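Listed below are the residues making up each chain.
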Amino acid sequence: MRPIPLPRLLLSVLALALVAACAPAATGEGADVRPYRLPPLDPALRYVVAVYDIETEPTRVDLSLLPARERDARLFTDLGSGIGDIVTRELFELGRFDLVERRNLAAAIAEQDLGRTGRFDPTTVAGVGRLVGAELILVGAVTELSIDRSSAVVPGFLGGAVVTTVQVGVELRFVEVATGRILGIGNGVGRGVDAEVTVDGLQQALRLLRVGTVRQSIVASALRNAIRDAVEQAALGLPPRR
């Protein structure tokens, strides 16, 4: 085998180093999910919270990577329910709230026939909260979910690589059941970058969000970080529980 000329070898090494620096490796489950900054609370000091489905709208949430057959009429409804489940688990991990089982909340919403209209009105929220024994209701919305795939060309490195950037924004609000007042509002943004993730991997991550599951993906990590930022910011606005 002919030896590689030194200048060409050095160029290849530099190109590999540049790609490694500019394009982070794929993220593992939880690897890029930041820890909570707020400490847990004593159980006697915790509010009882019920989590509504999270609002998702086609104008803010980009699901165009999914095949057309999967973008059905229930897609955004299911996605809102799935993300609501994820928010509930994130609240549980924070250790500052006692949580109402979401199936009980869904039953109360169905009983009051609030599935289509008035669902996110603060006074309506308060009424449903009383039915399930909650002191606070958490409502919110995904304000952004964007997935960008672009080529990053590095000279001498097989034409470059496709870099995927995911950005997720979330707004969350704590509503007091007794009064219908909003006591705390939080906004969070999560971002992930990966030079190795495939379209199939991104599609699977979006499907899992629809059923309330997070596994190894930059989509899940970005969403969880956005939720954690929003939850902590909103929690800081709450008065101590009496």
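Residues numbered from 1 in each chain as written. Predicted model: local features only at pLDDT ≥ 70, side-chain atom pairs only at ≥ 80, totals over all residues. Heavy atoms only, no water.

S.K.: Can you help me understand the pattern of salt bridges in this one?
M.R.: Pairing between side chains becomes possible if they bear opposite charge and their charged atoms approach one another. According to the stated counting rule, one finds 20 salt bridges in the structure shown. Of the charged contacts, one joins Arg210 and Asp78 as a salt bridge, the two residues approaching to 3.0 Å between their closest N and O atoms. Within this pair, whereas Arg210 is found in helix α5 (residues 199–210), its partner Asp78 is found in helix α2 (residues 75–94), the two being separated by 132 residues in sequence. Two residues, Glu90 and Arg224, come together in a salt bridge whose shortest N-O distance is 2.6 Å. (Salt bridge = Lys/Arg side-chain N within 4 Å of Asp/Glu carboxyl O. Helix = DSSP H or I, 4+ residues; strand = E, 2+ residues; numbered from the N terminus.)

S.K.: Honestly, the sheet that holds strand β5 (residues 182–194) in this entry has me stumped. Any pointers?
M.R.: Two modes of strand pairing occur in sheets, parallel and antiparallel, and in both the strands are linked by backbone hydrogen bonds. Sheet architecture is open: five strands sit in the order β2-β1-β3-β4-β5, paired in mixed fashion. This sheet does not close on itself; its edge strands, each paired only once, are β2 (97–99) and β5. Strand-to-strand, the axes of this sheet are offset by a mean angle of 30°, without reference to chain direction. Here strand β1 (residues 47–51) runs beside strand β3 (residues 136–152); their pairing, made up of three bridges, is parallel. Counted as the bridge partner of Val51 is Leu138 from β3. Docked against the sheet, α5 engages β3 and β4 (161–176), running at close to 175° with respect to β3. Along the sheet, helix α6 (residues 218–235) contacts β2, β4 and β5; its crossing angle with β5, the most-contacted strand, is approximately 155°. (Pairing = 2+ DSSP bridges. Axes fitted to C-alpha atoms, helices over the stretch in contact; angles between N-to-C directions. Contact = heavy atoms within 4.5 Å.)

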